[in-house]
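The lines below spell out each chain.
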Amino acid sequence: MSLKGVELQIAIPKTFDAGKMLDQAQQQNHANQMNANEALKKEIERQQKIVNTSEEMDGIKDDGEGGQQYEADRQKKEQQQKDAKKNTHHPFKGNFVDFSG
């Protein structure tokens, strides 16, 4: 396939434009990736600096009453979870299945 002089006058500048657009797109992708990386680093630093609370530590006190209260609360929660599991209905277990034809 040979190109004529008129076709080359149009094709060559368009290849330069396409190259510039491709380079700009690559630079934009690189900048977006760097920004995302920096945001992730800041989020990780923020999470490392905040104090993590836990439900277990909330109920513990220095005196003996706090420990007993915590234990009673824990047993009450476990009992409620067991009761909730007993009351749940399985979606297909125990239902009639018709195997006839």
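Structural data are supplied above this passage.
Model, not experiment: these values are computed from the prediction.

### Focus: the pattern of salt bridges
Phase 1: What the rule picks out here adds up to three salt bridges.
Phase 2: Note that Arg74 and Glu71 form a salt bridge whose closest N and O atoms lie 2.3 Å from each other. Of this pair, Arg74 and Glu71 are both found in helix α3 (residues 64-87), three residues apart, which corresponds to roughly one turn of the helix.
Phase 3: One salt bridge connects Glu78 with Arg74, and the closest N-O pair in it is separated by 2.5 Å. Taken together, the positions of Glu78 and Arg74, both in helix α3 and four residues apart, correspond to about one turn of that helix.
Phase 4: With relative accessibility at 35%, the residue Glu78 sits in the partly exposed group.
Phase 5: Each of Glu71, Arg74 and Glu78 takes part in salt bridges that share partners, so that together they form one network.

Cut-offs and rules
- Residues numbered from 1 in each chain as written.
- Predicted model: local features only at pLDDT ≥ 70, side-chain atom pairs only at ≥ 80, totals over all residues.
- Heavy atoms only, no water.
- Salt bridge = Lys/Arg side-chain N within 4 Å of Asp/Glu carboxyl O.
- Helix = DSSP H or I, 4+ residues; strand = E, 2+ residues; numbered from the N terminus.
- Buried < 20%, exposed > 50% of the residue type's maximum accessible area, 1.4 Å probe, protein only.

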